[in-house]
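# Observations on chain architecture
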Amino acid sequence: MSTSNCYSHLVPVADDSILGLSTLYQKDPREEKANLTIGIFLDETGKLPLMKAVEIARNRLMARRAPHGYSPITGLPLFNQHIQELVFGATSEAVQSKRIYTAQALGGTGALHVGARFAHLSLGAQVGTASSPTWANHLMILNQAGYKVSQYPYFDPSTKGVDFEAMASCLKTLEPMTVVILHACCHNPTGADLSKEEWQQVLEIVRERNLYPLLDIAYQGFGFGVDEDAYAPRLFADAGIPFMVASSCSKNFGLYGERVGAIHFVTGNAQEADLVRMNLAPQIRGEYSNPPAFGGQVVAEILSDPELRQIWLDEVNGMRSRIRRMRELFAQKGQEAGLDLSFAIRQNGMFSFTGLTGEQMDLLMKDWGVYGVRNGRFCMAGLNDHNVDLVVRAIKGVS
């Protein structure tokens, strides 16, 4: 093959389905429509809000007129410190003993990628698994990192909850050092989360099988609270097992476009954590050199100022309360229409698995202007007082 036609063998690849649906929604001329596709928190008017804490922090940074220099390879130290404490708790033994190494990453996606690549290249992990269903990017990240990829059972369509017996049975068959992606809270796409008792059982399986968990905590604060949603990583850290956590500031800080996240490596001691640092830095250097600074500076400014941190916490609580209210209103409107939509109350976070088929989701879009992912996922943050009646009527219309 000559360079003149080196692209000719490429085959067409479909665009991202969720982003494609959002584009179709924008082009839909109907006045009455609802966009429940992409995972972005929207306010009651259907718009992405600028959080007050973020605005204050941003204005402070701009007023300092500091130049835009490079960040360190593994990110801003102040950001890494505060985001580590946010996930594991400032008084955690693992934090205090410095046996967690945290590196700033390109959002939650970048954190997952860095963690998966590190486990494969530096720790020798060959097999990766994620829940069925899961966020599609989990499987793409594992595949591109070079893993043999599988999925473990997770969701029970009959209860619209977790099929924990099937999940646990599968995890018990995995070979040692399998990288197991687990949703720490607010499972995407189902909204079905493990109970504390189930997390304890997963921990025991991980320990017995010598598995290597990668916890994804992209929605900390959107389930039950900032501290409450960090139950799983804190449980695992207290247990003294090695694992990774990928955290994101996209949702709970509203910094989607700034690409702010972190990958955390929980080790046995401070010496092991430093070994992770030394081996991780060249990997990051060879991929993107260093993370963008501004979003990390905003988060560090918020979390290092007690007053500003409280403003942020209050805003996160308000965002969580709005999503919960929409879940309750959705279920109530369903009951009034003769539909059982109570699953929405039992699920957590931004997403719900409705149980609707692909064909029904197509009809929702075509006949009613209600846009959701074809696997039946709704983004509950896209609901508001103005469109919830339409959505319930549409579901009844296709049921």
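The sections below set out a description of the structure shown in this document. The residue numbers shown here count from 1 along each chain, following its written sequence. Since the coordinates come from a predicted model, pLDDT governs what is reported: local features require at least 70, and pairs of side-chain atoms require 80 or more to be given and counted, while whole-chain, interface and lining totals use all residues. Heavy atoms throughout the structure, all of them, feed into the side-chain values; hydrogens and water do not.

### Re helix α7 (residues 164-171)
Working definition: with a 1.4 Å probe on protein chains only, accessible area under 20% of the residue-type maximum means buried, over 50% means exposed, and in between means partly exposed. Only runs of H or I of at least four residues qualify as helices and only runs of E of at least two qualify as strands under DSSP, and these elements are numbered from the N terminus. Of the positions making up α7, those classed as buried are F164, M167, A168 and L171. Take α7 and look down its axis: the buried residues cluster within an arc of 95 degrees, on one side only. Buried residues in α7 make contact with β4 (148-153), β6 (161-162), β7 (179-183) and α8 (196-209). Our arc is simply the arc of the directions from the helix axis toward the C-beta atoms. We call two residues in contact whenever any of their non-hydrogen atoms come within 4.5 Å of each other.

### Things to note about the pattern of salt bridges
Salt bridge, as applied in this entry: a Lys or Arg side-chain nitrogen positioned within 4 Å of an Asp or Glu carboxyl oxygen. All told, the structure shown has 16 salt bridges when counted by the stated rule. Of the charged contacts in the structure, one is a salt bridge between R325 and E44, with a shortest N-O distance of 3.6 Å. Taken together, the positions of R325 in helix α12 (residues 306-336) and E44 in the loop between β1 (34-35) and α2 (52-64) put the pair 281 residues apart, joining distant regions of the chain.

### Digging into the sheet that holds strand β9 (residues 243-248)
One bridge is not enough; two strands pair if DSSP finds at least two bridges between them. Strand order in the open sheet formed by seven strands is β2-β10-β9-β8-β7-β3-β4, with mixed pairing between adjacent strands. Two strands in the sheet have a free side with no partner beyond their single neighbour: β2 (100-106) and β4. On average, each strand axis in the sheet is tilted by 25 degrees relative to the strand beside it, whichever way the strands run. In the sheet, strand β3 (residues 127-132) pairs with β4 via six bridges, with the strands oriented parallel. When the sheet's bridge partners are listed, A130 is paired in β4 with Q151. Here an angle of 0 to 180 degrees is reported between the N-to-C directions of two axes, which are lines fitted to C-alpha atoms, with helices fitted over the stretch in contact. Sheet strands in contact with helix α10 (residues 270-287) are β2 and β10 (260-266), and its direction is about 20 degrees off that of β2.

### Concerning the packing of aromatic side chains
Two rings from Phe, Tyr or Trp (for Trp, the six-membered ring) form a pair when their centres are within 6.5 Å of each other. A pair whose planes differ by under 30 degrees is stacked, one over 60 is edge-to-face, and the rest are tilted. Counting across every chain of the model gives ten aromatic pairs. The interplanar angle of 65 degrees and the centroid separation of 4.9 Å between the aromatic rings of F118 and F265 together place this pair among those described as edge-to-face. Of this pair, F118 sits in helix α5 (residues 107-121) while F265 sits in strand β10, and the two are 147 residues apart along the sequence. Here the two residues F118 and F265 agree in accessibility, since each one is buried. An angle of 80 degrees between the planes, with centres 5.9 Å apart, marks the rings of W199 and F236 as edge-to-face. On the criterion of sequence distance, the pair formed by W199 in helix α8 and F236 in helix α9 (residues 231-239) is long-range, its members being 37 residues apart. The exposure class assigned to W199 is buried, which follows from its relative accessible area of 4%. An aromatic cluster is present here, built from W199, F236 and F243 joined pairwise through their rings. We call a charge positioned over a ring when the NZ of a Lys or the CZ of an Arg lies within 6 Å of the ring centre and within 35 degrees of the ring normal. Against the face of Y25 rests K33, its NZ or CZ located 4.4 Å from the ring centre.

### With respect to the pairing of β2
A large share of β2 lies buried, amounting to six of its seven residues. Strand direction decides the pairing type here: β2 and β10, joined by seven bridges, are antiparallel. Each bridged residue has a counterpart across the sheet, and for T102 the counterpart in β10 is H264.

### Topic: the packing of α2 against helix α11 (residues 294-304)
Look at α2 against α11: their axes get within 9 Å of each other, and the N-to-C directions meet at 110 degrees. When the interaxial angle is binned, α2 and α11 end up roughly perpendicular. α11 is crossed by α2, and the crossing has right-handed handedness. On α11, the residues that touch A53, V54, A57, R58, R60, L61, M62 and R64 of α2 are F294, Q297, V298, E301 and I302. Under the grouping applied here, Gly and all other residues not named as nonpolar or charged are polar, the nonpolar ones being Ala, Val, Leu, Ile, Met, Phe, Trp, Tyr, Cys and Pro and the charged ones Asp, Glu, Lys and Arg. In terms of residue class, the contact of α2 with α11 is made up of eight nonpolar, one polar and four charged. Put simply, angles under 35 degrees are roughly parallel, angles over 145 are roughly antiparallel, angles from 65 to 115 are roughly perpendicular, and the rest are oblique. With the far helix as reference, a near helix turned anticlockwise by less than a right angle produces a left-handed crossing, and one turned clockwise produces a right-handed crossing.

### Notes on unusual backbone geometry
Cis geometry marks the peptide bond from S132 to P133, where omega comes out at 5 degrees. Relative to the assigned elements, P133 resides in the loop between β3 and α6 (136-144). Its identity as a non-glycine residue notwithstanding, M177 has a phi of 65 degrees, on the positive side. Position of M177 relative to the elements: it lies in the loop between α7 and β7. Phi at C186 takes a positive value of approximately 50 degrees, unusual for a residue other than glycine. For C186, the position within the fold is in the loop between β7 and α8. Look at C186 and you get buried, because its relative accessible area is 2%.

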